[in-house]
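Listed below, chain by chain, are the residues.
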Amino acid sequence: MLNKKIKSIILAAGKGTRMKSEMPKVLHSIFNKPLLGYVLDSVSSIDCANENIVIVGHAAEKVEEYVNKNYEGTKCIIQSPQLGTGDAVKKALPYIKDFDGYVIVVYGDTPLITGETLSNFVEFHDNNHADLTVMSAVFDNPKNYGRIVRDKNNKFVAIVEEKDANIEQKSIKEINAGIYCMTWSKIIGAFSSLSNNNAQNEYYITDIVKWAVEKNLNVQSYILQNNEEIFGINSKSDLAQATKILNKKSIERLMDNGVQITDPDTTYISPETQIGQDTIILPNVYISGKNTIGNNCKIGPFSHIRDGAIIGNNVRIGNFVEIKKSIIKDNTNVSHLSYIGDSDIGSKVNIGAGTITANYDPISKIKNRTIIKDGANTGSNSVIVAPVTINENASVAAGSIITKDVEAYSLAITRAPLKIFSQWVKRKMEILSGGNK
Ligand code: UD1
Ligand code: CA
């Protein structure tokens, strides 16, 4: 356990031009969670982390709104205009100039970095009594990353950006992950020395390495073996690739815990979903957000669980069923073509094919809750208009629209009486064939 104070600065001011989007890059999501959220969760889990600062700029209000809503106590500082990653850190200096501890800088577009790796990284910095540690990794295709430059004694001396690199430097496969740990009192001076005399006319944070080496400070590189973790998102194609990496990890974790996943290639399960053992996930299931699913359930094929589902044991969620923010207790079936949103469903409930919980009032924009208690059942194609309660063992007839609470053990039915016109088709055919003569 470290005995240090740690502040993290997350750079999230850039536009992300290569994303070709109206939306700021760091708000692009994987499994419904913005890239910035992944980074903030990881830095927050570092031992001794006591403050996170996010540098915002492009579409600052949107990024700030996300941070304030989801990460209380995290400070946002504006960088405008955006003059580079070194300039971004400079904006935080007035707030931390007398800070005596470690400052970690991470980019908001590196969502795969784990809290565990960051903790190991800080521990490495601490154990080596380093002044500056840079995380690096080796890539077969290092394109677009800054390269780690070493002298003939293999000593780490500088980072050179791809756009500034000569041919020899471009062939270097060790790259800068963009994660830095600084013994702040030693490194703070570097930021006033930065210049923008480079190919992009930007103030690069990466130039602090050269500064620190020239000052004979203790500069280390921490080579990360699992280079997937430092994958930086610059384009929509990178975003898709990061989703695959995260998904693969999530699926492997679940299978190791005893979940049976029939086809990992067509199954998507968010990292924040917990699933119990012997549950079977059939192909083409998509699960995003935070969910808990119990043991011995059968999910899919083609089910969509969006977020906030708490599903018990022995539950069946079948094809073309969508579940959102709902509790479903043990031994309940939602087998086909249903939408269950903002609902509390008891145990041993049978939800008939095509049942819809109508939870959203588009005029007031309010979402209401549906309660369906133990042992109740809904017939096919019924619409349950929330807020409403269907009590224990009640039965809703097929095709009904339920707008009032239903008592326990009662039948609820809203249906125009069935009329049968005997021989109607035959008469119609006779008229038609008569008319052809
Ligand atoms: C950066 C590094 C590169 C490294 C790579 C790793 C620099 C100069 N280069 O390059 O060495 O290999 O990341 O992924 O640091 N940002 C701001 N303000 C700015 C500019 C950028 O907040 O003025 C933020 C962006 O929002 C982004 C992050 O900093 O989250 C990185 O910027 P980006 O332009 O993606 O840098 P890269 O070219 O990827
Ligand atoms: Ca980047």
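Please read these numbers as outputs of a predicted model, since none were measured by experiment.

Enquirer: Explanation requested: the overall build of the protein chain in the structure shown.
Expert: For the protein chain, the count of helices and strands is ten helices and 37 strands. Computed over C-alpha atoms, the radius of gyration of the protein chain comes to 29 Å, more than 25% over the 22 Å expected from 2.2 N^0.38 for 437 residues, which places it beyond the range of a compact globule. Counting only C-alpha atoms and orienting by the principal axes, one finds that the protein chain spans roughly 100 × 60 × 40 Å. Of all 437 residues assigned to the protein chain, the portion counted as buried reaches 50%. Taking all contacts inside the protein chain whose residues are at least 6 apart in sequence as the whole, residues at least 24 apart take part in 46%. Surface accessibility of the protein chain: about 21,500 Å² in total, with carbon and sulfur atoms responsible for 50%. Averaging the locations of the 49 positively and 46 negatively charged side chains of the protein chain gives two centres separated by 7 Å.

Enquirer: Could you clarify how one ought to interpret the site of ligand 1 in this entry?
Expert: Q79, G84, Y107, E161 and N176 are the nearest of the 24 residues found near ligand 1. L83 has a polar backbone atom sitting 3.4 Å from an oxygen atom of ligand 1. Take N234: an N or O atom from its side chain is 3.5 Å from an oxygen atom of ligand 1. Of all the elements in the fold, those that place two or more residues in the shell around ligand 1 are β1 (6-12), α3 (85-90) and β10 (174-183).

Enquirer: Help me understand unusual backbone geometry, please; the structure alone is not making it clear to me.
Expert: Among all residues save glycine, negative phi is the norm, and among peptide bonds the norm is trans. Across the junction of S80 and P81, the peptide omega takes the value 0°, indicating a cis bond. If you trace the backbone, P81 turns up in the loop between β5 (75-78) and α3. P387 follows A386 through a cis peptide bond whose omega is 0°. Among the secondary structure elements, P387 is positioned in the loop between β33 (383-385) and β34 (388-390).

Enquirer: Any chance you could explain the coordination of the calcium ion (ligand 2) here in plain terms?
Expert: Reference values for angles at a metal are 109.5 degrees in the four-donor tetrahedral case and 90 or 180 degrees in the six-donor octahedral case. Summarising the metal site, the calcium ion (ligand 2) is bound by the protein donors D109 (OD) and N234 (OD1), whose distances to it range over 2.4 to 2.6 Å. Placement of the pair is D109 in the loop between β6 (102-107) and α5 (115-127) and N234 in the loop between β11 (219-223) and α9 (236-256), with a sequence separation of 125 residues. Comparing D109 with N234, the two get one shared label, buried.

Calculation criteria
Residues numbered from 1 in each chain as written. Chains lettered and ligands numbered in written order. Predicted model: local features only at pLDDT ≥ 70, side-chain atom pairs only at ≥ 80, totals over all residues. Heavy atoms only, no water. Helix = DSSP H or I, 4+ residues; strand = E, 2+ residues; numbered from the N terminus. Rg over C-alpha atoms; globule rule 2.2 N^0.38 Å. Buried < 20%, exposed > 50% of the residue type's maximum accessible area, 1.4 Å probe, protein only. Contact = heavy atoms within 4.5 Å. Areas by Shrake-Rupley, 256 points an atom, 1.4 Å probe, with all protein chains shown as cover. Lys, Arg positive; Asp, Glu negative; His and termini not counted. Charge placed at Lys NZ, Arg CZ, Asp CG, Glu CD. Near = heavy atom within 4 Å. Polar contact = N/O pair within 3.5 Å; in protein donor to acceptor, adjacent residues only side chain to side chain. Donors = N, O, S within 2.8 Å, 3.2 Å for Na, K, Ca; no water.

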